[in-house]
Amino acid sequence: MEKLSEIVNLIKNAKNIALFTHIKPDPDAIGSVWSMYFALKQIKKNVNVFMEETISDFGVLQYENIQHEFDKNKFDLVIALDVANSILLGKYEKDFLNFSNSICIDHHLARQKIGNVEFVANDAASTTEILFDLFNKLEINIDIDKKIVNCIYLGIVGDTGRFMYNNTTSKTFKIAHILTEKGADVHKINLSLSKKLTKNMLKNLRILYNNIDIKDDILFSTIRLKDYKKYKCKSVSTNELIGFLTNVDKINIVIVLIEKEKNIINASLRSSEFFDASFIAKAFGGGGHKLAAGIQNLTGSVKQVKDKIYYFIKENINNIKLVK
Ligand SMILES: [Mn+2]
């Protein structure tokens, strides 16, 4: 890996290093930026992490020393980790792009070149998987810093959906094996990735489960305005809830209808692999992807909207079903 040695040299020659990751940081973003932070500290670099927002530290570390204002005169190298597109740098986009000595380390397939020197490994399950190799080359001793071990592990389990997605390779397991031997807090990190339901979300889910209406292979559910009053809860984003209704045996399309105002309905759609939810959404002025789509501001009562969508699906099933 020629390029990785180039990155090793750039890091070795730098003294003051700024680290960036993408906005709405996921476990791999958090894991990348903080494993790199502690690794660079170990080889006596002055290092600062720049983040607009910190959503969660996923139970592996207490944030230390997050910077918010970037001063280009204080650094001689900037590194972006797990960033596929410059927009994802948020408010630091221009700071990063205008800095000439820059590195980007990433594993996304569809991406834009943003660093002067880039190391992109599409076959890496996570950015932290790449960092595992980089730290080796930098002769970082991860045995003496469990925070590094945990952060690398966090990125791997985050981006592989706990080793379930098809980006999981034998190398992923090999690295996970080594990290586990070195004392990674496997159980704690797995727990931290479990979706935490708020009481409000739970109440919304109760409404959705109560209102399930299955027609053939289509599962509908609804939340009406009066339901919020009855169950004493507030609305939440349907995206947070609809996943709890998918994965039902013999159901191919899931549609959640939310009454936004009287006779104004929003719909969220999910489909199984061989059905095109976006075909349905587009017909009603919405949009989205094949497996996940949405429609805003449908007019009519919940029942009217449900019937309209149901009959549309029945009439157009040949276009919606992808495998005939
Ligand atoms: Mn990633």
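Refer to the structure above for everything that follows.
Residues numbered from 1 in each chain as written. Predicted model: local features only at pLDDT ≥ 70, side-chain atom pairs only at ≥ 80, totals over all residues. Heavy atoms only, no water.

Colleague: Please provide a residue-by-residue account of the overall build of the protein, values included.
Modeller: Along the protein, the regular secondary structure elements total twelve helices and twelve strands. Taking the principal axes of the C-alpha coordinates as reference, the protein spans close to 65 × 45 × 40 Å. A burial count over the protein gives 48% of its 324 residues as buried. Once local pairs closer than 6 in sequence are excluded, the contacts in the protein between residues at least 24 apart make up 65%. Of the roughly 16500 Å² that the protein leaves accessible, carbon and sulfur atoms contribute 50%. With 45 positive and 37 negative side-chain charges, the protein shows a spacing of 7 Å between the two charge centroids. (Helix = DSSP H or I, 4+ residues; strand = E, 2+ residues; numbered from the N terminus. Buried < 20%, exposed > 50% of the residue type's maximum accessible area, 1.4 Å probe, protein only. Contact = heavy atoms within 4.5 Å. Areas by Shrake-Rupley, 256 points an atom, 1.4 Å probe, with all protein chains shown as cover. Lys, Arg positive; Asp, Glu negative; His and termini not counted. Charge placed at Lys NZ, Arg CZ, Asp CG, Glu CD.)

Colleague: Quick one: what's the story with the coordination of the manganese ion, residue by residue and with numbers?
Modeller: Looking at the manganese ion, one finds its protein donor set to be Asp28 (OD), Asp82 (OD), His107 (NE2) and Asp159 (OD), positioned 2.1 to 2.3 Å from the metal centre. On the primary sequence, the residues serving as donors to the manganese ion are separated as D-x53-D-x24-H-x51-D. Placement of His107 in the loop between β5 (102–106) and β6 (117–120) and of Asp159 in helix α5 (residues 146–159) is noted, with a sequence separation of 52 residues between them. (Donors = N, O, S within 2.8 Å, 3.2 Å for Na, K, Ca; no water.)

Colleague: Explain the nonpolar core to me, and be specific about the residues and the numbers.
Modeller: Core analysis: the largest hydrophobic core is formed by 50 residues, its most contacted members being Ile11, Leu19, Met36, Ile105, Leu134 and Leu179. If you look at the next biggest cluster of nonpolar residues, it comprises 22 residues, including Ile265, Leu269, Ile295 and Leu298. (Core = buried A, V, L, I, M, F, W, Y, C linked by side-chain atoms within 4.5 Å.)

Colleague: Any details on the sheet that holds β5? Residues and values, ideally.
Modeller: Here we have six strands laid out as an open sheet, ordered β3-β2-β1-β4-β5-β6, and parallel in their pairing. Single-partner strands in this sheet number two, and they are β3 (66–67) and β6. Note that β5 and β6 share four bridges and pair parallel. Along β6, the bridge assignment pairs Cys104 with Glu118. Where helix α2 (residues 27–42) meets the sheet, its contacts fall on β1 (16–21), β2 (46–50), β3, β4 (77–81) and β5, and the angle it forms with β1 comes to roughly 170 degrees. Running at roughly 120 degrees to β5, helix α4 (residues 127–137) makes contact with β4, β5 and β6 of the sheet. (Pairing = 2+ DSSP bridges. Axes fitted to C-alpha atoms, helices over the stretch in contact; angles between N-to-C directions.)

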